[in-house]
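# A structural walkthrough
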Amino acid sequence: MDLLDSQHADELATLLALSDAGSFAAAGRALQRHPSVLSKRLNALERRLGVRLVERTTRQLQLTHAGLQLVEKVREAMGLIAQAQTEAAEGAQQVRGRLRVSVPAAMGRRLLSAMLAEFALAHPQVTLEVEYADRLVDIVGERFDAAIRIGKLADSGLVATRLCSHRRIMAAAPSYLQQHGMPQAPADLMQHQCLGFTGLASYPEWQLTSRAGASHTVVVHSSLVSNDNEALLTAATLGAGILAGGDWLIQPCIDAGQLVRVLPQWQLNADAGIYLVRPSGRFSTAAMAAFRAWVVDWFAARARADEAPGAGQTLR
């Protein structure tokens, strides 16, 4: 039988009330319905099931064997439903269960993997399933609990928490700059090999913004383009061209002397951010609330460390 509709539920409620009360009049008072209404419900239930459930006499009623069996099974089912509801309510308050999360592939590997592992260690009753992918996953359709996303968010029904700004900077290997020279202005980039990341929404345009607030758009070209930031980073360190990417990706190579910052007064997509997005905040579980708090605190702590005197600014 399919899940009960309201009519079938009323019929079973009538049978249970008759079993408890022993008469239509007493059952009617318990359910606040006229006895004639209960009689019609019982008749409908017996017709639907094709079996006599109650023997009626002028003075009393008696459940048949089939009626007694049905009452027993219905009460058992009601007990299981009540138990399931209690467990669900308790589970929503405990940091346990399964969380399915999507993170950008390169950022996930280079920046977020340790943070995710630390969350898993701190919450051993949570199974954290992480998908590293640069594609825009369908959070609702693919049943993800959350995703970390970079860039400008399109309008949607998702609940978004901005974690921090996302700085995209430009850099090239010393060998490339020695051979081709250092760009002095955004327009100079049109004369250079600019490694193209096809995952950038505006590609092949680089939308640049200066610290002073000026803007400039350049259509770049290169003999090497890719949808993988890490592959382009390797190419940049080998002298293949100028790379534009997140400072979390590029700054370590600058610190190591493998790359040199290009046009340091400019950055790409200055209004972009890093976000935690979720399908809905209405029925958030304790595990989801704990994960959200963990991610927000982690990014906030990193921003404070970057702002400390003498610290490199890898995330802002």
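In what follows, the structure referred to is the one given above.
Notes on the structure in this doc start here. Just so you know, these numbers come straight off a predicted model, no measurement behind them. (Residues numbered from 1 in each chain as written. Predicted model: local features only at pLDDT ≥ 70, side-chain atom pairs only at ≥ 80, totals over all residues. Heavy atoms only, no water.)

Before going further, it helps to examine the overall build of the protein. Helix and strand counts for the protein come out as 9 helices and 15 strands. Once the C-alpha set of the protein is aligned to its principal axes, its extents read approximately 105 × 35 × 30 Å. Counting over 316 residues, the protein shows a buried share of 41%. For the protein, long-range pairs separated by at least 24 residues make up 73% of all intrachain contacts whose partners lie at least 6 apart in sequence. Counting every atom, the protein has about 17,200 Å² of accessible surface; 51% of that belongs to carbon and sulfur. (Helix = DSSP H or I, 4+ residues; strand = E, 2+ residues; numbered from the N terminus. Buried < 20%, exposed > 50% of the residue type's maximum accessible area, 1.4 Å probe, protein only. Contact = heavy atoms within 4.5 Å. Areas by Shrake-Rupley, 256 points an atom, 1.4 Å probe, with all protein chains shown as cover.)

Summed over the entire model, instances satisfying the criterion amount to 1 cavity of 30 Å³ or more. In this structure, the largest cavity occupies an estimated 50 Å³ of space. Looking at the lining of the largest cavity element by element, the count peaks at 3 residues for strand β8 (residues 194-197). A class-by-class count of the residues in the lining of the largest cavity yields 6 nonpolar, 1 polar and 1 charged. (1 Å grid on protein atoms, 1.4 Å probe; cavity = no way out; pocket = protein on both sides within 12 Å on 5 of 7 lines; lining within 4 Å. Points joined across faces, edges and corners; volume = space filled by probe spheres on them. Nonpolar A, V, L, I, M, F, W, Y, C, P; charged D, E, K, R; others polar.)

This part covers the nonpolar core. In this structure, Leu99, Leu112, Met170, Leu189, Trp206, Leu259 and Phe291 are the most contacted members of the largest nonpolar core, which totals 58 residues. With residues near it in sequence (within four places) discarded, methionine 170 still touches Leu189, Trp206, Leu208, Ile242, Leu243, Ala244, Val260, Arg261, Val262, Leu263, Trp266 and Leu268. In this structure, Leu18, Leu42, Leu53 and Val54 belong to the second largest nonpolar core, which totals 16 residues. (Core = buried A, V, L, I, M, F, W, Y, C linked by side-chain atoms within 4.5 Å.)

This brings us to the environment of proline 264. When you line up the elements, proline 264 lands in the loop between β13 (260-262) and β14 (266-268). Taking the relative accessible area as the measure of exposure, proline 264 reaches 40% and is therefore partly exposed. Sequence-wise, proline 264 and serine 210 are 54 residues apart; in three dimensions their C-alpha atoms are separated by 8.8 Å.

Under the criterion given, the structure shown has 14 salt bridges. As a salt-bridge pair, arginine 100 and glutamate 129 come within 3.1 Å of each other at their nearest N and O atoms. One end of the pair, arginine 100, is in strand β3 (residues 97-103); the other, glutamate 129, is in strand β4 (residues 126-132), and 29 residues separate them in sequence. One salt bridge in this structure joins arginine 109 and glutamate 230, with 2.4 Å as the shortest N-O distance. Within this pair, whereas arginine 109 is found in helix α5 (residues 105-122), its partner glutamate 230 is found in helix α7 (residues 229-237), the two being separated by 121 residues in sequence. (Salt bridge = Lys/Arg side-chain N within 4 Å of Asp/Glu carboxyl O.)

One pass over the structure, following the stated rule, counts 3 aromatic pairs. When the centroid spacing of 5.8 Å and the interplanar angle of 75 degrees are considered together, the rings of phenylalanine 119 and tryptophan 294 count as edge-to-face. Taken together, the residues span a long stretch of sequence, with phenylalanine 119 in helix α5 and tryptophan 294 in helix α9 (residues 286-307) at a distance of 175 residues. Of the residues examined, tryptophan 294 reaches a relative accessible area of 26% and is grouped as partly exposed. Look at tryptophan 298 and phenylalanine 299: their rings are 5.0 Å apart centre to centre, the planes differ by 85 degrees, and that puts the pair in the edge-to-face class. For the pair shown, tryptophan 298 and phenylalanine 299 are each scored as buried. Following the ring pairs from residue to residue traces out a cluster consisting of Phe119, Phe291 and Trp294. The ring of phenylalanine 144 carries arginine 100 above its face, with NZ or CZ at 4.0 Å from the centroid. (Phe/Tyr/Trp six-rings, centres within 6.5 Å; stacked < 30°, edge-to-face > 60°. Lys NZ or Arg CZ within 6 Å of the ring centre and 35° of its normal.)

It is at 8 Å that the axes of α5 and α7 come closest, and there the two elements cross at 70 degrees. Judged by the inter-axis angle, α5 sits roughly perpendicular to α7. Counted together, Ala106, Arg109 and Arg110 of α5 and Asn229, Glu230 and Leu233 of α7 form the full contact between these two elements. (Axes fitted to C-alpha atoms, helices over the stretch in contact; angles between N-to-C directions. Parallel < 35°, antiparallel > 145°, perpendicular 65-115°, else oblique.)

Looking now at the state of the cysteines. By definition, a disulfide links the sulfur atoms of two cysteines through a covalent bond. Enumeration over the complete set of coordinates arrives at 0 disulfides. Here cysteine 164 stays unpaired: no disulfide links it, and the sulfur of cysteine 253, its closest cysteine neighbor, is 19 Å away. Unpaired in terms of disulfides, cysteine 253 finds its nearest cysteine sulfur in cysteine 194, a separation of 18 Å. (Disulfide = S-S within 2.5 Å.)

Put simply, the largest pocket is a space of about 910 Å³. Lining the largest pocket we find 38 residues, and of these Leu136, Arg149, Ile150, Gly151 and Gly199 sit closest to its centre. At the level of secondary structure, the elements contributing two or more residues to the lining of the largest pocket comprise β3, α5 and β5 (146-151). No other element matches β5, which puts 5 residues into the lining of the largest pocket. Grouping the amino acids of the lining of the largest pocket by side-chain chemistry returns 20 nonpolar, 12 polar and 6 charged.

Turning next to unusual backbone geometry. With an omega of 10 degrees, the peptide bond between tyrosine 203 and proline 204 qualifies as cis. Within the element layout of this structure, proline 204 appears in the loop between β8 and β9 (205-210). Located in the positive-phi region is arginine 143, a residue other than glycine, with phi close to 60 degrees. Residue position: arginine 143 is located in the loop between β4 and β5.

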